[in-house]
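Results of the structural survey
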Amino acid sequence: MTKEENPKKPAAAARPTHQAKQPIVSSAHLASGRSAELSEFEFGMIIASNAFNRWAVRCISAVGVKDMTITDVLVLHHINHRAREKKLADIAFILNIEDTHIVNYSLKKLQALGLVKTEKRGKEVLYSTNEEGQAVCKRYFEIREQVLVSGLTGDGTESFELSELARFLRIMSGLYEQAARSATSL
């Protein structure tokens, strides 16, 4: 049976041509010339960023910790990372947050919630998760496995694609950082 004779695959369902593809962008004025693909990437980043932020805040809320922002969640996870003490400047650097006051505000909030402990060494203040903070991170992991990770196929191709996407995002992050420095001097 040919494609034309197969009732399950109509002939009109042929693949769209490359020329017919219209980029999906949030701002048409930024999608002209060579920047069409970049604008499409940026729109994807906006949507993905907002979805990720919403997910992380709702997941931590499902753990039982309410009124946390995405920054609070990210700071908590980073402090818990590898069970090592962290300095304010290092947390801000790793999370690529330019304004350390934002991280400091989250640290104070996490302390007030009883999830983080501090230790002063000389002039430095070191932050780490206490037992409650570790338990919150563990429960977050469990919920993440249950409702997010379970939606992935788990095949080698998907793992490779996620790894390559992460690599590409790091490259693009560097490009945006360089462009931000250049824009500052204009």
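See above for the structure.
This report concerns the structure included in the present document. Quick caveat, the model's predicted, so the values are computed rather than measured.

1. Some thoughts on the overall build of the protein
Helix and strand content of the protein: 6 helices and 3 strands. Starting at the N terminus and ending at the C terminus, the protein contains elements arranged as α-α-β-α-α-β-β-α-α. Within the span of the protein, comprising 186 residues, buried residues form 22% of the whole. For the protein, the share of sequence-separated contacts (at least 6 apart) that also reach a separation of at least 24 residues comes to 50%. Element-wise, carbon and sulfur atoms account for 56% of the exposed surface of the protein, whose accessible area totals about 13800 Å².

2. Some points on the layout of surface pockets
Here the largest pocket is characterised by a volume of approximately 1400 Å³. Residue lining of the largest pocket: 33 residues in total, with Met 45, Ala 48, Ser 49, Phe 52 and Leu 169 positioned closest to the centre. Contributing elements (two or more residues each) for the lining of the largest pocket: helix 1 (36-63), helix 2 (70-80), helix 5 (131-147) and helix 6 (156-184). With 10 residues, helix 1 is the largest single contributor of residues to the lining of the largest pocket. Split by residue class, the lining of the largest pocket holds 22 nonpolar, 8 polar and 3 charged.

3. Some details on the packing of aromatic side chains
For the coordinates displayed, the defined rule picks out 2 aromatic pairs. Ring centres 5.6 Å apart and planes at 85° place the aromatic pair Phe 41 and Phe 168 in the edge-to-face group. Separated by 127 residues along the polypeptide, Phe 41 in helix 1 and Phe 168 in helix 6 bring together distant segments of the chain.

Quick notes on the rules
- Residues numbered from 1 in each chain as written.
- Predicted model: local features only at pLDDT ≥ 70, side-chain atom pairs only at ≥ 80, totals over all residues.
- Heavy atoms only, no water.
- Helix = DSSP H or I, 4+ residues; strand = E, 2+ residues; numbered from the N terminus.
- Buried < 20%, exposed > 50% of the residue type's maximum accessible area, 1.4 Å probe, protein only.
- Contact = heavy atoms within 4.5 Å.
- Areas by Shrake-Rupley, 256 points an atom, 1.4 Å probe, with all protein chains shown as cover.
- 1 Å grid on protein atoms, 1.4 Å probe; cavity = no way out; pocket = protein on both sides within 12 Å on 5 of 7 lines; lining within 4 Å.
- Points joined across faces, edges and corners; volume = space filled by probe spheres on them.
- Nonpolar A, V, L, I, M, F, W, Y, C, P; charged D, E, K, R; others polar.
- Phe/Tyr/Trp six-rings, centres within 6.5 Å; stacked < 30°, edge-to-face > 60°.

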